[in-house]
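# Fold and geometry: a report
Read off the chains here:
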Amino acid sequence: MALGFIKKIFSFGKKEVEEVPVEKPSGEVDQLPTAEQLYEDTTAQEALNVPAETIPAEAEPVVEEQTVAFEDTAAEPELLQDIEPVIVEQTAIEPSPVDELIEATDEIESPMGEATIEPVPIPAPEAPVAETPEPVVAPKPSKVTVSRTVEEKQVEQPAIAEPERRLSWFERLRKGLFRSSQQLGDSIGSIFTRRKLDEDTLQDLEDVLIQADLGMETAIRITGALSATRYGKDISTEEVRTIMAAEIEKVLGPVAKPLELDLSHKPHVILVVGVNGTGKTTTIGKLAAKLTAGGLNVMLAAGDTFRAAAIEQLHIWGKRTGAPVVSSKLGADAAGLAFDAWKQAKEAGSDVLIIDTAGRLQNRAELMDELAKIVRVLGKNDPEAPHTVLQTLDATTGQNALNQVEIFKNIAGVNGLVMTKLDGTARGGILVAISAKHKLPVYFIGVGEQVEDLEPFAASDFAKAIAGVA
Ligand SMILES: Nc1nc2c(ncn2[C@@H]2O[C@H](COP(=O)(O)OP(=O)(O)OP(=O)(O)O)[C@@H](O)[C@H]2O)c(=O)[nH]1
């Protein structure tokens, strides 16, 4: 009953995301990925599952009428009325005592008076029915888990709008990894044709696995597993692939974790970092869609103050997901913006604040310093913020991604990964090497540019797709 209650908390807040006409500011957004195409498929779907263990025993609603309302599914439409629309007045941010609050070493150029919050049109609640029960505002649990959100059936498009069948996320993953898994399969095939498993074949296989970016540790793990059971025997490519998939899954299993948000922090701050073009802003949009669809109040902060298109892109996602966006003028101090955004989110009672950052190469020391400053400054507001530091990794990247994680983790405290673009001509093997080395949770994979194309990371599916096992 308690689980049902919590599920209802996160389903009655669901809103249909309306198509919002996007105004193009003059000039700057011409190079934006065609927003209308990019955001053509907009329906945000169910977002949150709350594991039973996170539900306190006393999670029963305290108000008697409330219990009745949740148990009576016919009464749910009425509850929809009770959700306060997140409407933020479009006012300039009041001057904040930033300078007093920040140590002298962190010279924050607060974008006071420049940062704006985009008001968000909220879809109208469903029409009330007769005999509306007493309004009830359901309490939110202190911890939520973000997991699979979009069922394939929920993203179906009318036949007329989509003449070709849209591939499922797993088909896109397989397709994306097909080329590298095929190359791997060909190489394995050429090693084991009419050859028994011996020292030479094991060495050749190890080389092939390392070339596929899987990393030395995993390569040795795979050859070790083969050697232990099949040494001196004939072995087929399929058998090698199957053992490879099993060993890769053992590496990935421990890092395939759902993203958990600690809502006792209000807002729970998610800082999104990574190298240029790795999919930070797109991932933020997709994640915001999951969270808002789950009934959470989300605020976005356009901390990529370098690119006008990035700010505009985040505003588009804000409109699509119903999340207000805090932004500032181009070139403003990103740490100051993050600081002000936290205050705005606090004042607005947001559950989650997601902060975008400018893409930066990990070897650009001054840019990495700026990132460290954003992290420090957020800690002035809430010593534990940012609570989640997500790094996006482009799946078409090879060995360099290992170095990216190393440096972003050290400087920004990355504590979770998202691998994007697995639907393209992805390599993907590097995620195995990164997982073996850093053991950071991998929360999601990006398998497309649409709002629903963010999938919880599943070790078994990924391992099979890399190894080319059905
Ligand atoms: N195919 C595919 N494209 C993606 C995915 N994620 C992001 N993209 C595309 O990759 C490009 C870059 O994405 P952004 O979200 O702008 O990347 P970013 O990291 O914010 O970029 P910078 O701000 O320049 O660092 C855009 O064209 C996105 O549509 C994905 O999972 N699959």
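Note that the structure is a prediction, hence the values are computed from the model and not measured. (Residues numbered from 1 in each chain as written. Predicted model: local features only at pLDDT ≥ 70, side-chain atom pairs only at ≥ 80, totals over all residues. Heavy atoms only, no water.)

It helps to recall that an α-helix has 3.6 residues per turn; residues three or four apart then point in one direction. Helix length check: helix H11 (residues 308-321), at 14 residues, gives a terminal C-alpha distance of 20 Å against a target of 20 Å (1.5 Å per residue), a fit within 8%. Taking burial as the measure, the 14 residues of H11 include 14 buried ones, the bulk of the element. Of the residues one or two after H11, Gly322 is the one with positive phi, at around 75 degrees. (Helix = DSSP H or I, 4+ residues; strand = E, 2+ residues; numbered from the N terminus. Expected span 1.5 Å × (residues − 1). Buried < 20%, exposed > 50% of the residue type's maximum accessible area, 1.4 Å probe, protein only.)

Counting through the fold element by element, Glu370 comes out in helix H13 (residues 365-381). By relative accessible area, which is 18% here, Glu370 ends up buried. Once residues lying within four places of it in the same chain are set aside, the contact partners of Glu370 are Phe306, Ala334 and Arg360. (Contact = heavy atoms within 4.5 Å.)

Attention now goes to the nonpolar core. By size, the foremost hydrophobic cluster in this structure holds 78 residues, and its most contacted members are Leu173, Ile248, Leu353, Leu378, Met419, Leu422 and Phe462. The biggest single contributor to this core is helix H12 (residues 334-348), with 8 residues. When we break this core down by domain, the ones giving at least three residues each are domain 1 (1-120 + 137-146 + 258-394) and domain 2 (169-254). For Phe462, the residues in contact, after removing those within four places along its chain, are Leu173, Leu177, Leu252, Met419, Leu422, Gly428, Leu431 and Phe457. (Core = buried A, V, L, I, M, F, W, Y, C linked by side-chain atoms within 4.5 Å. Domains from an automatic or database assignment.)

The subject of this paragraph is the packing of aromatic side chains. Each aromatic ring pair is specified by the distance between its two centres and by the angle formed by the two planes. A full pass over the atoms with the stated rule returns 2 aromatic pairs. Relative to Phe170, the ring of Trp169 has its centre 5.8 Å away and its plane inclined at 65 degrees; by these criteria the two rings are edge-to-face. You can call Trp169 buried: its relative accessible area is 11%. With relative accessibility at 23%, the residue Phe170 sits in the partly exposed group. (Phe/Tyr/Trp six-rings, centres within 6.5 Å; stacked < 30°, edge-to-face > 60°.)

Evaluated as defined, the whole model comprises 13 salt bridges. Between Glu247 and Arg221 there is a salt bridge; the shortest N-O distance is 3.3 Å. Here Arg221 lies in helix H8 (residues 216-230) and Glu247 lies in helix H9 (residues 237-252), a separation of 26 residues in the sequence. A single network of salt bridges, built from pairs that share partners, joins Arg221, Glu247 and Lys250. (Salt bridge = Lys/Arg side-chain N within 4 Å of Asp/Glu carboxyl O.)

All right, on to the packing of helix H6 (residues 169-192) against helix H7 (residues 199-211) then. Closest axis-to-axis distance for the H6/H7 pair is 10 Å, and the angle between their directions is 170 degrees. By the angle class used here, H6 and H7 are roughly antiparallel. Within the contact between the two elements, H6 uses Leu184, Ser187, Ile188, Ile191 and Phe192 and H7 uses Thr201, Asp204, Leu205, Val208 and Leu209. (Axes fitted to C-alpha atoms, helices over the stretch in contact; angles between N-to-C directions. Parallel < 35°, antiparallel > 145°, perpendicular 65-115°, else oblique.)

Moving on to the site of the ligand. The ligand sits among 19 residues. The nearest are Lys280, Thr281, Thr282, Asp423 and Glu449. Measuring from an oxygen atom of the ligand, one finds a side-chain N or O atom of Gln313 at 3.3 Å. The separation between an oxygen atom of the ligand and a polar main-chain atom of Gly359 is 3.4 Å. Its free accessible area being 650 Å², the ligand has 85% of it covered by the protein chains. Sorting elements by how many residues they give to the shell around the ligand places helix H10 (residues 280-293) first, with 4 residues. For the shell around the ligand, the per-class residue count stands at 2 nonpolar, 10 polar and 7 charged. (Near = heavy atom within 4 Å. Polar contact = N/O pair within 3.5 Å; in protein donor to acceptor, adjacent residues only side chain to side chain. Areas by Shrake-Rupley, 256 points an atom, 1.4 Å probe, with all protein chains shown as cover. Nonpolar A, V, L, I, M, F, W, Y, C, P; charged D, E, K, R; others polar.)

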